[in-house]
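# Remarks on the overall topology
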Amino acid sequence: MEQNMSNCLLRVHGLTKQFSPAGEKVVNDVSFSVAQNEIFAILGPSGCGKTTTLRIMAGFERVDSGSVELKNRVIECQHTSISADKRGIGFVFQEYALFPHLDVRQNVGFGLNKLESKERNKRIDEMLELTGLGAFSHRKPHELSGGQQQRVALARALAPMPQIIFLDEPFSNLDAVMRQTTRNEIRTILKKAGISAVLVTHDQEEALSFADRIAVMNSGRIEQIGTPEEVYYTPRTEFVALFLGRTNVLKARAQGMEAYTDLGELMINRPASGEIKLSIRPEHLTLERATERNCNGLCGTILTREFKGHDITYRVKLRNGECLVHTDNRMPFTSGDSVVVKPLEPAVVLEV
Ligand code: ATP
């Protein structure tokens, strides 16, 4: 699961952490690498160990075994622990943690007291320009929106020129619209500055839209690492398939590149044989009105219709079980209609 990359900045190897000797490993043999200029997300449900992983990398928590290297230097292992302030890591947290009595300029310059005043002012100006905060430089935090405050927090974290930025659920205090705008803005700023980042989040949409690669974590372990497209379209496990969005998990009997399921025969994404489990996303299925010709004994009935404006999700009752089908808004079915479910893409074979 760990990649060999030539431009590796952060390398985490076999990280393991237990808070009590009899307790579970809350971080269990976690390995991944982050490249220069890469935005990497650790995505998983509450309690899966993602914050503990970040805290170990940041120097706020000791590791039991495994190691963290930043630019080929070990910063954390069983025998060594470089203190957090000497690791060259910047932080942005969920709560912006800005100083309320300082204005934007003073907040951004807070960690720069070792610089001479000319150099300090130049750096602050650069950060304000980079984050588009120049016009707000004399405002206090309470005079800014949540998204603007988060940009100040980012400017402050970037000002000392860290090697990498850690973002711990940085958008969760924002409302839905502001969250989307702020994460687009922050992604653009990070890419413009060419800085690597690790984002910790439980929000799959956030990870998919913000990160270059995602590690999906479950019960202390990483289940899959890949680009957003890879983890979404070809999940390795049932957990990843279900955590990344809606899907249909089907029992199947496979032979070669085909499998027999409750939806009939489906093409599959890799050769398999015997009893397997498949995932097929609702948008990779479509519906046709059932007729004598197309039904072939595999008709279903529309149970519910969820209209969402640009698309519709149907729950369809099959002979054994149900499935979800996501169509565009021109598919005019209603509850009780007889339909045939047709695959548009091969189903994905899951590891058992
Ligand atoms: P959330 O999104 O809710 O913060 P998480 O995935 O970040 O969850 P962690 O905060 O890493 O999860 O916690 C993983 C597990 O470790 C949880 O069961 C938590 O209760 C436990 N844990 C975390 N910190 C400590 C600690 N200092 N002492 C004991 N147990 C802890």
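Definitions and limits used
- Residues numbered from 1 in each chain as written.
- Predicted model: local features only at pLDDT ≥ 70, side-chain atom pairs only at ≥ 80, totals over all residues.
- Heavy atoms only, no water.
- Salt bridge = Lys/Arg side-chain N within 4 Å of Asp/Glu carboxyl O.
- Helix = DSSP H or I, 4+ residues; strand = E, 2+ residues; numbered from the N terminus.
- Buried < 20%, exposed > 50% of the residue type's maximum accessible area, 1.4 Å probe, protein only.
- Pairing = 2+ DSSP bridges.
- Axes fitted to C-alpha atoms, helices over the stretch in contact; angles between N-to-C directions.
- Domains from an automatic or database assignment.
- Contact = heavy atoms within 4.5 Å.
- Buried area = accessible area lost by both parts, 1.4 Å probe.
- Polar contact = N/O pair within 3.5 Å; in protein donor to acceptor, adjacent residues only side chain to side chain.
- Nonpolar A, V, L, I, M, F, W, Y, C, P; charged D, E, K, R; others polar.
- Phe/Tyr/Trp six-rings, centres within 6.5 Å; stacked < 30°, edge-to-face > 60°.
- Lys NZ or Arg CZ within 6 Å of the ring centre and 35° of its normal.

## Details of the pattern of salt bridges
All chains considered together, the criterion is met by 22 salt bridges. R213 is the salt-bridge partner of E38, the closest N and O atoms lying 2.5 Å from each other. In this pair, E38 sits in the loop between strand 2 (25-35) and strand 3 (39-43) while R213 sits in strand 9 (residues 213-218), placing the two residues 175 residues apart along the sequence. Both residues of the pair, E38 and R213, count as buried. The partner of R236 in a salt bridge is E351, and the shortest N-O contact between them spans 2.6 Å. One end of the pair, R236, is in the loop between helix 7 (228-233) and helix 8 (238-243); the other, E351, is in the segment after strand 18 (348-350), and 115 residues separate them in sequence.

## Remarks on the sheet that holds strand 6 (residues 89-92)
In spatial order, the strands read 6-7-8-3-9-10; together these six strands make up an open sheet with mixed pairing. In this open sheet, the two edge strands, each paired with only one partner strand, are strand 6 and strand 10 (221-226). Shown here is a sheet whose adjacent strand axes are inclined to one another by a mean of 20°, direction ignored. Alignment of strand 3 against strand 8 (residues 196-201), held across five bridges, turns out to be parallel.

## Remarks on unusual backbone geometry
If you check the backbone angles, K71 has positive phi at about 50° while not being a glycine. Although it is not a glycine, M161 adopts a positive phi angle of roughly 55°. On the basis of relative accessibility, which here comes to 52%, the residue M161 falls in the exposed class.

## A look at the sheet that holds strand 4 (residues 65-70)
In space, the four strands of this open sheet follow the order 2-1-4-5, with antiparallel pairing throughout. What marks the edges here is a single partner per strand, and that holds for strand 2 and strand 5 (73-76). When the angles between neighbouring strand axes are averaged without regard to direction, this sheet yields 25°. In this structure, strand 1 (residues 8-18) lies alongside strand 2, joined through seven bridges in antiparallel fashion. Bridge pairing in strand 2 links C8 to A35.

## Looking at the domain arrangement of the protein chain
Its domain assignment divides the protein chain into domain 1 (8-88 + 162-242) and domain 2 (246-349). Here the C-alpha centroids of domain 1 and domain 2 sit 35 Å apart. On the domain 2 side, the residues contacting the nine residues of domain 1 number 10 residues. Around 750 Å² of area is buried between domain 1 and domain 2 when both sides are counted, 50% of it from carbon and sulfur atoms. Taken together, domain 1 and domain 2 are joined by one salt bridge. Two residues, E238 and K277, come together in a salt bridge whose shortest N-O distance is 2.8 Å. Our enumeration of links across domain 1 and domain 2 arrives at four residue pairs in polar contact (both at pLDDT 80 or more). Counting residues per element, the ones that place at least two in the side of domain 1 that touches domain 2 are helix 7 and helix 8. Ranked by the residues each element gives to the side of domain 1 that touches domain 2, the list is headed by helix 8, at four residues. When grouped by side-chain class, the residues that make up the side of domain 1 that touches domain 2 number seven nonpolar, one polar and one charged.

## Some remarks on the packing of aromatic side chains
What characterises a pair of aromatic rings is the spacing of the ring centres plus the angle enclosed by the ring planes. Within the structure shown, the criterion is met by nine aromatic pairs. Ring centres 4.8 Å apart and planes at 15° place the aromatic pair F32 and F40 in the stacked group. We classify F32 as buried; its relative accessible area is 0%. Pairing F171 with F210 gives two aromatic rings, centres 5.5 Å apart and planes at 65°, and the pair type is edge-to-face. Residue F171 is found in the loop between strand 7 (164-168) and helix 5 (176-193), and its partner F210 is found in helix 6 (residues 204-210); the two are separated by 39 residues along the sequence. This pair shows no difference in class: F171 is buried, exactly as F210 is. By the ring-pair criterion, three or more aromatic residues cluster together here, those being F60, F91, F93 and F166. Here the guanidinium or amino end of R281 rests over the ring plane of Y232, the centre of that ring lying 4.1 Å away.

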